[in-house]
Every structure is written in C-alpha cells, then in structure tokens.
Amino acid sequence: MAQIHDITKGLRNKKGQRKGRGESSGRGKTSGRGTKGSKARAGTYIRRGYEGGQTEIFRRFPKRGFSNYQFERKYYVVNLEALNAFDDGATVDVTTLIEKGLVPDTKQPVKILGDGQLTKKLTVVAHAYSRSAYAAIGQAGGTANNEKGQPFEFPKEKKKFVPREMPKKKADAPAEEESK
C-alpha cells in the first residue's frame, strides 16, 4: 500500500515551468495563455460576474423586493455564563469585556443575553439586554445599567396602526330634515 510520503516524494524538487523562453522550450510565444484578450495580458483582473462586455446577468434582470439587511442592528453578544469570569461586586463595562477577550473592540454596541446562570453580584453596563438577562442580573443582586450608567429601561412598545372606523351614516335622519 502506498503511503502519502511515497506519493509526494518525487514532487518536492520538481523544477518550475520556465515560460516565455523561446519557441523551442515548448512554452514560448504566448506562454500557455492562449491568444489575445484580456486574460492574455499582464496584470489583468477580471471581476466576478464579468461576461466579456456582454451585459452581466445581474444587470439584465430587474431588482425585486426590499431588503432590510443594511438597516439591521448589529451587536457584540455576551452571555450571562461568560460574566461569571468577573469578581463578585465588579463593574462590567465595554473596556473590561475587551480586556477579558469577550468583545473584540468598541465598533459595535454590546448586548447581554440570558444564556447560562449568573452566580455573582455584578454591576453590568451595556447598550442592550434581553429580558431574561435583565431579570437574571436583578435576581443575582446586581444592577443592569445603560451605557450612560443610568438604570436600564426597555424601549416602549411601538403603537401598531389601527385603522379608524368610519361613523355609520343615518339614512333616515337627513331625509326627514330636508322635507321640513
């Protein structure tokens, strides 16, 4: 049975192909690039989706629908279980989370999620909390503050649009008044 070192044994010292060194080398003239066109030229880059000058497929078809992707709220997520790494009574904010390696930087806001059990009394300063994490921090005897250091409050529920009902017309009343 062939071993992997037997298969690759002869390939280690293989000389590279010297292209463009005359016709007699077998790799002269076009150097294995075919003839003409942008791929035959030096320093070319062909972007994804390019079809050689023909209108690309993503431009031939119309745009459809709407995507909320660019308006998505993005957070660095930290679970309650990870907060047990801090000492009892400590204040946990973005800088201490970065020092512990739980958050990479300050480019995005931090959200605390309720996965796991919190066993220590902590003062947690974050941009957002899940309802379960907020309750667990309170049960452990700690406090949950917003990024300004004030007690955290959940945003108010948005009012849903309820169409207004039109008043019912009284067909009999205007007819009687007109006759008088």
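1. A look at the overall build of the protein chain
- Helix and strand content of the protein chain: 6 helices and 6 strands.
- Element order for the protein chain, N to C, with α for helix and β for strand: α-α-β-α-β-α-β-β-β-α-β-α.
- Burial analysis of the protein chain (180 residues in total) assigns 18% to the buried set.
- By element, 50% of the accessible surface of the protein chain is carried by carbon and sulfur atoms, the whole surface being about 15,900 Å².

2. Regarding a nonpolar patch on the surface
- A cluster of nonpolar side chains, contributed by Ile57, Phe58 and Phe61, occupies part of the molecular surface with about 360 Å² of accessible area.
- Tracing the backbone shows Ile57 in helix 2 (residues 57-60).
- Assessed through its relative accessible area of 45%, Ile57 is described here as partly exposed.

3. Quick word on helix 5 (residues 131-139)
- Residues Ala133, Ala136 and Ile137 constitute the buried set of helix 5. Here the buried residues of helix 5 occupy an arc of 100° about the axis, which is enough to place them on one side. Turned more than 90 degrees away from the buried face of helix 5, the exposed residues are Arg131 and Gln139.
- Where helix 5 is buried, its residues meet helix 3 (80-83), strand 3 (110-113), strand 4 (123-125), strand 5 (128-129) and strand 6 (143-145).
- Once helix 5 finishes, Gly141 follows within two positions and takes phi at roughly 95°, a positive value.

4. Description of the side chain of Asn84
- Along the chain, Asn84 turns up in the loop between helix 3 and strand 2 (91-92).
- We classify Asn84 as buried; its relative accessible area is 15%.
- In this structure the side chain of Asn84 is engaged in a polar contact, spanning 2.7 Å, whose partner is the backbone oxygen of Gln117.
- With residues near it in sequence (within four places) discarded, Asn84 still touches Gln117, Leu118, Thr119 and Lys120.

5. Quick notes on the packing of aromatic side chains
- Per the stated rule, a full pass over the model turns up 6 aromatic pairs.
- Taken together, a centroid distance of 6.4 Å and an interplanar angle of 65° make the contact between Tyr129 and Tyr134 edge-to-face.
- Since its relative accessible area comes to 32%, Tyr134 is described here as partly exposed.
- Geometrically, the ring pair formed by Phe152 and Phe154 is edge-to-face, given 5.1 Å between the ring centres and 85° between the ring planes.
- Each residue in the set Tyr129, Tyr134, Phe152 and Phe154 is aromatic and connected to the rest through ring pairs, giving one cluster.
- Here Lys100 stacks its cationic end above the ring of Phe86, 5.4 Å away from the centre of that ring.
- We note Arg131 situated over the ring of Phe154; from NZ or CZ to the ring centre the distance is 4.1 Å.

6. Structural notes on the environment of Ala90
- Mapped onto the elements of the fold, Ala90 is located in the loop between helix 3 and strand 2.
- With 34 residues separating them in the primary sequence, Ala90 and Val124 have C-alpha atoms 8.4 Å apart.
- Residues within four places of Ala90 in sequence aside, it is in contact with Lys121, Leu122 and Thr123.

7. Quick notes on the sheet that holds strand 1 (residues 76-79)
- Strand order in the open sheet made by the 3 strands is 1-3-5, with parallel pairing throughout. Strand pairing shows two members of the sheet lacking a second neighbour, strand 1 and strand 5, which therefore form its edges.
- Here 4 bridges tie strand 1 to strand 3, and the two strands are oriented parallel to one another. Paired with Tyr76 across the strands is Val110, a residue of strand 3.

The rules behind the values
Residues numbered from 1 in each chain as written. Predicted model: local features only at pLDDT ≥ 70, side-chain atom pairs only at ≥ 80, totals over all residues. Heavy atoms only, no water. Helix = DSSP H or I, 4+ residues; strand = E, 2+ residues; numbered from the N terminus. Buried < 20%, exposed > 50% of the residue type's maximum accessible area, 1.4 Å probe, protein only. Areas by Shrake-Rupley, 256 points an atom, 1.4 Å probe, with all protein chains shown as cover. Patch = residues over 30% accessible without salt bridge, like charges linked within 9 Å, V, L, I, M, F, W, Y side chains within 5 Å. Salt bridge = Lys/Arg side-chain N within 4 Å of Asp/Glu carboxyl O. Arc of directions from axis to C-beta. Contact = heavy atoms within 4.5 Å. Polar contact = N/O pair within 3.5 Å; in protein donor to acceptor, adjacent residues only side chain to side chain. Phe/Tyr/Trp six-rings, centres within 6.5 Å; stacked < 30°, edge-to-face > 60°. Lys NZ or Arg CZ within 6 Å of the ring centre and 35° of its normal. Pairing = 2+ DSSP bridges.

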